[in-house]
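A closer look at the structure
This is what each chain is made of:
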Amino acid sequence: MGRGLFILFEGCDRSGKTTQSTRLVKALNDAGIKAKLLKFPDRTTAIGKMIDGYLSQKTKLDDQAIHLLFSANRWEAMDQVRAELESGTTLVVDRYAFSGVAFSAAKRLDIKWCKAPDVGLIAPDRVYFLDIHPDDAAKRDGYGEEIYEKREMQIEVRVKFFSMMDSTWSIVDALKDPDEIHRQIMMLTKQAFKRHKESPAPIAKLWM
Ligand code: Z5A
């Protein structure tokens, strides 16, 4: 059996990542493809609990310190991620290192410095960027509860995401109807599986 694919969802706040990543996993499982959902930050670990305290504004942390905690939260999952992929499970991930860099760089930390702790993480096969202008995202439920959910910050984050895109990324209009977005993502995912079947690529390392 071949390895699973490593598929990421990235985007600004309230862009629909949780909605679409959950739907993709269900659709893959329904089609007989082994797939699991992961989410970063993983707030269940000791590191994740520190991150949660910061995001919900219960604790304060230096910008560099929180950046490194987000990265550590990914590294602590990597053995499990590799094992799942090698066993043939496709992993669908709600936020990853690109969020780490986009949010910290939006706070004016140097982008090279921001990337450094995540160099060598498992690289994605595909990244779906759910694109929404922060003014439209702000109209959706639950906006404004956490530390980064502010207009100026989200506008800058979106710019940083665009600066990191390469050929593995697909930009998806997050303002469309959720069913239409899901259909587009399914089509892109089928293409990714087809390409991988025709020319299987080994698991790669991020930014190396
Ligand atoms: N962060 C960081 O700084 N560094 C890092 O390394 C990482 C993250 C990994 C928490 O992330 C924060 O951590 C985040 C980035 C930072 N800060 N911000 N901003 P999170 O992933 O836990 O939380 P989130 O980004 O705020 O995601 P979210 O609130 O879970 O939003 P979402 O997943 O993108 O959207 P959703 O839950 O699927 O949908 C939001 C609402 O919109 C909901 O009511 C839906 O029903 C509705 N929705 C969804 N799709 C549509 C469409 N197509 N039309 C209309 N309405 C829709």
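One can find the structure itself at the top, above this paragraph.
These remarks concern the structure in this document. Everything numeric here is computed off the predicted structure, so don't read it as measured data. (Residues numbered from 1 in each chain as written. Predicted model: local features only at pLDDT ≥ 70, side-chain atom pairs only at ≥ 80, totals over all residues. Heavy atoms only, no water.)

1. Structural notes on the site of the ligand
Within the structure, the ligand sits among 29 residues, and Asp13, Arg14, Lys17, Thr19 and Arg95 are positioned closest to it. Within the side chain of Thr18, an N or O atom sits 2.5 Å from an oxygen atom of the ligand. In this structure, Arg74 approaches the ligand through a side-chain N or O atom, which is 2.8 Å from an oxygen atom. When the ligand is considered free in solution it has 1,100 Å² of accessible area, and contact with the protein chains removes 84% of it. When its residues are assigned to classes, the shell around the ligand shows 10 nonpolar, 7 polar and 12 charged. (Near = heavy atom within 4 Å. Polar contact = N/O pair within 3.5 Å; in protein donor to acceptor, adjacent residues only side chain to side chain. Areas by Shrake-Rupley, 256 points an atom, 1.4 Å probe, with all protein chains shown as cover. Nonpolar A, V, L, I, M, F, W, Y, C, P; charged D, E, K, R; others polar.)

2. Considerations on the environment of Phe103
Assignment of secondary structure puts Phe103 in helix α5 (residues 97-106). Sequence-wise, Phe103 and Cys114 are 11 residues apart; in three dimensions their C-alpha atoms are separated by 9.5 Å. For Phe103, the contacting residues outside a window of four places in its chain are Arg95, Tyr148, Met153, Gln154 and Val157. (Helix = DSSP H or I, 4+ residues; strand = E, 2+ residues; numbered from the N terminus. Contact = heavy atoms within 4.5 Å.)

3. Concerning the side chain of Asp94
In this fold, Asp94 is placed in strand β3 (residues 90-94). Within the structure, the side chain of Asp94 is placed 2.9 Å from the side chain of Thr18, a separation counted as a polar contact. In this structure Asp94 touches Phe9, Lys17, Thr18, Ser21, Leu38, Lys39 and Phe40, once residues within four positions along its chain are discounted.

4. So, helix α4 (residues 78-86)
For α4, the complete set of buried residues consists of Met78, Val81, Glu84 and Leu85. Looking straight down α4, one finds that the buried residues subtend no more than 125° of arc, so they occupy a single side. Residues of α4 that are exposed and point more than 90 degrees away from the buried face comprise Asp79, Gln80 and Glu86. (Buried < 20%, exposed > 50% of the residue type's maximum accessible area, 1.4 Å probe, protein only. Arc of directions from axis to C-beta.)

5. Describing unusual backbone geometry
Here the amide bond leading from Phe40 into Pro41 is cis, since omega sits at 0°, within 30 degrees of zero. Along the polypeptide, Pro41 turns up in the loop between β2 (35-39) and α2 (46-55). Positive phi is not limited to glycine here, since Arg95 has a value of about 75°. The topology assignment puts Arg95 in the loop between β3 and α5. Positive phi outside glycine occurs at Arg108, with the angle close to 80°. Within the secondary structure, Arg108 sits in the loop between α5 and α6 (111-115).

6. Some thoughts on the pattern of salt bridges
In the structure shown here, the tally under the stated rule is 17 salt bridges. Across the salt bridge formed by Glu156 and Arg108, the nearest N and O atoms sit 3.7 Å from each other. Residue Glu156 is found in helix α8 (residues 151-164), and its partner Arg108 is found in the loop between α5 and α6; the two are separated by 48 residues along the sequence. Assessed through its relative accessible area of 62%, Arg108 is described here as exposed. With a shortest N-O distance of 2.6 Å, Arg151 and Asp135 are connected by a salt bridge. In this pair, Arg151 is assigned in helix α8 and Asp135 in helix α7 (residues 134-137), connecting sequence segments 16 residues apart. (Salt bridge = Lys/Arg side-chain N within 4 Å of Asp/Glu carboxyl O.)

7. Here we look at α8
The end-to-end C-alpha distance of α8 is 21 Å, a good match for the 20 Å that 14 residues give at a rise of 1.5 Å each. Of the residues making up α8, those classed as buried are Met153, Gln154, Val157, Lys160, Phe161 and Met164. For α8, the arc enclosing every buried residue in end-on projection is 120°, short of the 170-degree limit, so these residues lie on one face. Opposite the packed face of α8, turned more than 90 degrees from it, sit the exposed residues Glu152 and Ser163. Contacts from the buried residues of α8 go to β1 (6-11), α5, α6, β4 (126-131), α7 and β5 (169-173). (Expected span 1.5 Å × (residues − 1).)

8. Thoughts on the packing of aromatic side chains
Counted under the stated rule, the structure contains 11 aromatic pairs. Measuring from ring centre to ring centre gives 5.3 Å for Phe103 and Tyr148, while their planes differ by 35°; the resulting arrangement is tilted. You can see Phe103 sitting in helix α5 and its partner Tyr148 sitting in the loop between α7 and α8, a full 45 residues away along the chain. The two residues Phe103 and Tyr148 agree in class, both being buried. Judged by centre distance (6.0 Å) and plane angle (45°), the ring pair of Phe129 and Trp169 falls under tilted. (Phe/Tyr/Trp six-rings, centres within 6.5 Å; stacked < 30°, edge-to-face > 60°.)

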